[in-house]
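# Survey of secondary and tertiary structure
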Amino acid sequence: MANVQFENLFKNYGEVKAVEDFNLKIADGEFIVLVGPSGCGKSTTLRMIAGLEDITAGNIYIDDSLINKVHPKDRDIAMVFQNYALYPHLSVKDNISFGLRAQKLPKMEVENRVLEASETLGLQGLLSRRPGELSGGQKQRVAMGRAIVRNPKVFLFDEPLSNLDAKLRHKMRAEMKKLHKQVGTTTIYVTHDQIEAMTLADRIVIMKDGVIEQVGTPNEVYKKPNNIFVASFIGTPAMNFFEGKVKSCSKSLTTITLKDQKDIKLSSNIYEKDQDIIFGIRPEDISVNLDKKSKMKDSIELDAEISVIEPMGHETVVICDSNYGELTGKVESSHTLKENMKVKLIIKEEKIYQFDKISEKNLLL
Amino acid sequence: MKKNDQIIERLEHLNPSKILTWTLLFIGSIVMVTPIIFMVSTSFKTGQEVYTLSLFPKSPTFENYIFILKESKFLIWLLNSLWVASFSTASVLFFDSLVGYTLAKFKFRGREIVFVAILSTLMIPTEMLIIPWYMMSREFGWIDTYWGIAFPGLMTGFGTFLMRQFFLTLPDELIEAARIDGWSEFAIWWKIAMPLVIPALSALAIFHFLGNWTAFLWPLIIVNDPDMYTIPVGLASFNGEFQMDWEIVMTASCLATIPTLFVFIFLQKYIIKGIMLAGLKG
Ligand SMILES: Nc1ncnc2c1ncn2[C@@H]1O[C@H](COP(=O)(O)OP(=O)(O)O)[C@@H](O)[C@H]1O
Ligand SMILES: [Mg+2]
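Residues numbered from 1 in each chain as written. Chains lettered and ligands numbered in written order. Predicted model: local features only at pLDDT ≥ 70, side-chain atom pairs only at ≥ 80, totals over all residues. Heavy atoms only, no water.

### Concerning the overall build of chain A
From N to C terminus, chain A includes eight helices and 20 strands. For chain A, the spread of C-alpha atoms along the three principal axes comes to 80 × 45 × 35 Å. Across the 365 residues of chain A, 52% fall into the buried class. Relative to all contacts within chain A whose residues are 6 or more apart in sequence, the contacts with residues 24 or more apart total 65%. Surface summary for chain A: the accessible area is close to 16900 Å², and the carbon and sulfur share equals 48%. (Helix = DSSP H or I, 4+ residues; strand = E, 2+ residues; numbered from the N terminus. Buried < 20%, exposed > 50% of the residue type's maximum accessible area, 1.4 Å probe, protein only. Contact = heavy atoms within 4.5 Å. Areas by Shrake-Rupley, 256 points an atom, 1.4 Å probe, with all protein chains shown as cover.)

### Some remarks on the interface of chain B and chain A
Contact with chain B, which involves 23 residues of that partner, is made by 28 residues of chain A. Taken together, both faces of the contact between chain B and chain A bury some 2300 Å²; the carbon and sulfur share is 65%. Across the contact surface, chain B and chain A share two salt bridges. Measuring nitrogen to oxygen at the nearest pair gives 2.7 Å for the salt bridge that ties B:Glu176 to A:Arg47. Inspection of the region where chain B meets chain A yields nine residue pairs in polar contact (both at pLDDT 80 or more). At the level of secondary structure, the elements contributing two or more residues to the side of chain B that touches chain A comprise helix 9 (172–180) and helix 10 (185–196) of chain B. (Buried area = accessible area lost by both parts, 1.4 Å probe. Salt bridge = Lys/Arg side-chain N within 4 Å of Asp/Glu carboxyl O. Polar contact = N/O pair within 3.5 Å; in protein donor to acceptor, adjacent residues only side chain to side chain.)

### Focus: the sheet that holds strand 8 (residues 186–191) of chain A
Residue and element names in this part refer to chain A. If you trace the six strands from one edge of the open sheet to the other, you get 6-7-8-3-9-10, paired in mixed fashion. Each edge of the open sheet is held by one strand with a lone partner, namely strand 6 (77–80) and strand 10 (211–216). Each strand of the sheet is rotated relative to its neighbour by a mean of 15°, with strand direction disregarded. With five bridges joining them, strand 9 (residues 203–208) and strand 10 adopt antiparallel strand pairing. Each bridged residue has a counterpart across the sheet, and for Ile206 the counterpart in strand 10 is Gln214. Lying over the sheet, helix 4 (residues 136–148) contacts strand 6 and strand 7 (154–158), oriented at roughly 175° with respect to strand 6. (Pairing = 2+ DSSP bridges. Axes fitted to C-alpha atoms, helices over the stretch in contact; angles between N-to-C directions.)

### Some points on helix 8 (residues 157–168) of chain B
Residue and element names in this part refer to chain B. For helix 8, spanning 12 residues, the distance from its first C-alpha to its last is 16 Å, which sits close to the expected 16 Å at 1.5 Å a residue. By the burial criterion, the buried members of helix 8 are Gly157, Gly159, Thr160, Leu162, Met163, Arg164 and Phe167. In this structure, the buried residues of helix 8 make contact with helix 4 (74–105), helix 5 (111–120), helix 10 and helix 11 (198–213). (Expected span 1.5 Å × (residues − 1).)

### Overview of a positive patch on the surface
Residues A:Lys223, A:Lys224, A:Lys348 and A:Lys351 make up a contiguous surface patch of positive charge. When you line up the elements, A:Lys224 lands in the loop between helix 7 (218–223) and helix 8 (228–233). (Patch = residues over 30% accessible without salt bridge, like charges linked within 9 Å, V, L, I, M, F, W, Y side chains within 5 Å. Lys, Arg positive; Asp, Glu negative; His and termini not counted. Charge placed at Lys NZ, Arg CZ, Asp CG, Glu CD.)

### Structural notes on the packing of helix 4 of chain B against helix 5 of chain B
A packed helix pair is summarised by two numbers, namely the angle formed by the two axes and the spacing between the axes. Residue and element names in this part refer to chain B. The interhelical angle for the contact between helix 4 and helix 5, taken along N-to-C directions, is 140°, at an axis separation of 10 Å. Put simply, helix 4 runs oblique to helix 5. When you trace helix 4 past helix 5, the crossing you get is left-handed. Touching Val99, Leu103 and Ala104 of helix 4 are Arg111, Val114, Phe115 and Ile118, all from helix 5. By residue class, the composition of the contact of helix 4 with helix 5 is six nonpolar, no polar and one charged. (Parallel < 35°, antiparallel > 145°, perpendicular 65-115°, else oblique. Left-handed = near helix turned anticlockwise from the far one by under 90°. Nonpolar A, V, L, I, M, F, W, Y, C, P; charged D, E, K, R; others polar.)

### Some remarks on the pairing of strand 1 (residues 4–13) of chain A
Residue and element names in this part refer to chain A. With five bridges joining them, strand 1 and strand 4 (residues 57–62) adopt antiparallel strand pairing. In the sheet register, Phe6 faces strand 4, and the bridge partner there is Ile60. In terms of strand pairing, strand 1 meets strand 2 (residues 16–26) through seven bridges, oriented antiparallel. Within strand 2, the position partnered with Asn12 by the bridge is Lys17. Here strand 1 hands over to strand 2 after two residues, with Gly14 in that stretch at a positive phi of 60°.

### Let's talk about the nonpolar core
A:Phe6, A:Phe22, A:Leu156, A:Ile188 and B:Phe167 are the most contacted members of the largest nonpolar core, which totals 60 residues. Tallying contributions element by element places helix 10 of chain B first for this core, with seven residues. Here A:Phe6 is in contact with A:Phe22, A:Asn23, A:Leu24, A:Ile26, A:Thr45, A:Ile49, A:Asn59, A:Ile60 and A:Ile188, once residues within four sequence places are set aside. (Core = buried A, V, L, I, M, F, W, Y, C linked by side-chain atoms within 4.5 Å.)

### A short note on the site of ligand 1
Residues and elements named next belong to chain A. The local shell around ligand 1 consists of Tyr13, Val16, Ala18, Ser38, Gly39, Cys40, Gly41, Lys42, Ser43 and Thr44. At a separation of 3.2 Å, an oxygen atom of ligand 1 approaches a polar backbone atom of Cys40. At 2.9 Å, a backbone N or O of Lys42 approaches an oxygen atom of ligand 1. For ligand 1, the accessible surface in isolation is 550 Å², of which the surrounding protein chains cover 58%. When residues of the shell around ligand 1 are traced back to their parent elements, those giving at least two are strand 2 and helix 1 (42–50). Here the element with the most residues in the shell around ligand 1 is helix 1; it accounts for three residues. (Near = heavy atom within 4 Å.)

### A short note on the sheet that holds strand 20 (residues 353–356) of chain A
Neighbouring strands of a sheet are bound in pairs by backbone hydrogen bonds; such pairs are parallel or else antiparallel. Residues and elements named next belong to chain A. Judged by pairing direction, the sheet is antiparallel, and its five strands sit side by side in the order 13-12-11-14-20 without closing on themselves. Of all strands in the sheet, those bounded by a partner on one side alone are strand 13 (263–266) and strand 20. Taking each pair of neighbouring strands and ignoring which way they run, the sheet shows an average axis angle of 40°. Pairing of strand 11 (residues 240–249) with strand 12 (residues 254–258), which is carried by five bridges, proceeds in the antiparallel orientation.

### Thoughts on the domain arrangement of chain B
Reports of interface size often rely on the accessible area that becomes lost once the parts have come together. Residue and element names in this part refer to chain B. By the assigned domains, chain B splits into domain 1 (2–63) and domain 2 (73–277). Contacts between domain 1 and domain 2 engage eight residues on the former and eight residues on the latter. Summed over both partners, the interface of domain 1 with domain 2 comes to about 620 Å²; 75% of that surface belongs to carbon and sulfur atoms. Where domain 1 meets domain 2, there are zero salt bridges. The tally of links between domain 1 and domain 2 comes to one residue pair in polar contact (both at pLDDT 80 or more). A per-class count over the side of domain 1 that touches domain 2 returns four nonpolar, three polar and one charged. (Domains from an automatic or database assignment.)

### Let's talk about a nonpolar patch on the surface
Residue and element names in this part refer to chain B. Nonpolar side chains collect at one region of the surface, where Met32, Val33, Ile37, Leu55 and Phe56 lie side by side and expose about 520 Å² of accessible area between them. As for its placement among the helices and strands, Phe56 is situated in the loop between helix 2 (16–43) and helix 3 (63–71). By relative accessible area, which is 67% here, Phe56 ends up exposed.

### Describing the environment of A:Leu134
Residue and element names in this part refer to chain A. Along the chain, Leu134 turns up in the loop between helix 3 (107–121) and helix 4. With 42 residues separating them along the chain, Leu134 and Val92 place their C-alpha atoms 9.3 Å apart. If sequence neighbours within four positions are ignored, Leu134 has contacts with Val92, Leu126, Arg129, Lys139 and Val142.

### Observations concerning the packing of helix 3 of chain A against helix 4 of chain A
Residue and element names in this part refer to chain A. Remark: helix 3 packs on helix 4, axes separated minimally by 9 Å, with the N-to-C direction vectors making an angle of 135°. The orientation of helix 3 with respect to helix 4, classified from their angle, is oblique. Read as a crossing pair, helix 3 and helix 4 show a hand that is right-handed. Taking contact as the criterion, the partners of Ala117, Thr120 and Leu121 in helix 3 are, on helix 4, Arg141, Met144, Gly145 and Ile148.

If you want it as structure tokens, here you go:
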């Protein structure tokens, strides 16, 4: 087990800047998830830790020792690849023990550790099979087995669940979490799926175009996103955004004009006059009302028309058209909402996120 | 009734293009097989009967075989050929795949130049190289040695090219996984990359072994001592010594074919079987 540290890490592929000024300290035993859209440099970062990619600039430390120039085999890390990369000509057992045999461990010890790992992962019955004779989920387990049997300092996972179907992915996600609790090895996990990130991570690192946008616990990045990108990336359905311009502001009251010239009043005083604002509201914080009268305190009301209803069992996603763009709400399914109904969307002021339109920064932080 | 239906059904499958294909294949196989049949049948004929074009010998005899095995140096030549062809094939499998792997899976400066240089050797005919080879061999004292016969074929541009193309299809992740698993680059090549290109290795082995087995020009030039002849050179020597004893030449040819059959039968199953790259993808 070990801590991992990145110092001003850069990676260029010719003109392409894959990773830019990456700084992060990962504590011993922490489960870190790198998340971001495809092409944002997650895999590149992981591969630099593994030693599979040269570092353009900066430093990586494992256990406080600099490993920039250390050969992959001497870094004591284990990696699970997106396509598993099982050796097709070797049995499951040989796949799992391949790394141990490189260390020239005694035969008995190899045997014992393979057995132990296969028990942890429920692979006992499959040890003599070839990868070609396994299902997707089984291959995934073997790939995990190959990693845990080595008992490395750090686990690296590159989208390990993305080739599985939804149900299996859910199951393996839970097992992954259990496994981490059990072995407690420092883990760096890459995914483009924010749900995976939220459910697995101790801390999430959100990346975009090679740059870290925010580092924080799942709760932090959900509740206190640094900027519009993080706010829109985390949470499903994604956060709603609509624009406004500050009309006037005083100590305790700000008037903001929305797109359709409607004025709303907010009790915060963080703005400058004429500032362009982007408001964010999470679908679960919108309440969809049919009756016209309810004027609640400290909340704003927006007129809208339901365009699509997506029942999801105990919840229903309601997509509405409005003068401010498309707004999505998530409500309990007992509602008697129908498509094409005119509704009022009620939003509590305290639930509204506010971003500067130019810098895209969260104004409430 | 039922049988008739089946026949009609079969006839319906016989479209003109199929008939044409079969006819061409049939003619082709006759053209290929006839000389071999005559080779085998001549080997059982007596000297007087050689020039009659009968398919079956009138009085079949094993005299020719006995003569070849007892009176001639055929067995020595067979061993020479076996030794040279096996050694050369082993060398080609090892070095061509090592170079091919390096060209396919490592990035280094000048890689493309090396590759093009290797490819361009394919365009130089053996006939042009024979004089420099010979001068070299004389200088180094390689005349009448196994090494002298074998050295031009210990690495081939074709094999390097073939192996490179196959190694290119191997996913990089397999190699990276093995690297992380702690193996040296050489061990990765040997334990991971090579087993996955066995079909290509088998094809290359057959191709190279047969090419070497039938090679004539270079062995003829580099070898003077009859004890060092390879089979093709030995066969040619029958012509001079025994004034066209065709039945003897044919008998020796029959015997010389047997090892190639074994090589082919032994290796071809690896070509067909192949190993699916099924460890990847869900
Ligand atoms: N070997 C490479 N050569 C050139 N560009 C690359 C290479 N690998 C990745 N890139 C580029 O670097 C960027 C980051 O890639 P990657 O780390 O694979 O993204 P992610 O894993 O987040 O999807 C992308 O723009 C990609 O095109
Ligand atoms: Mg990736």
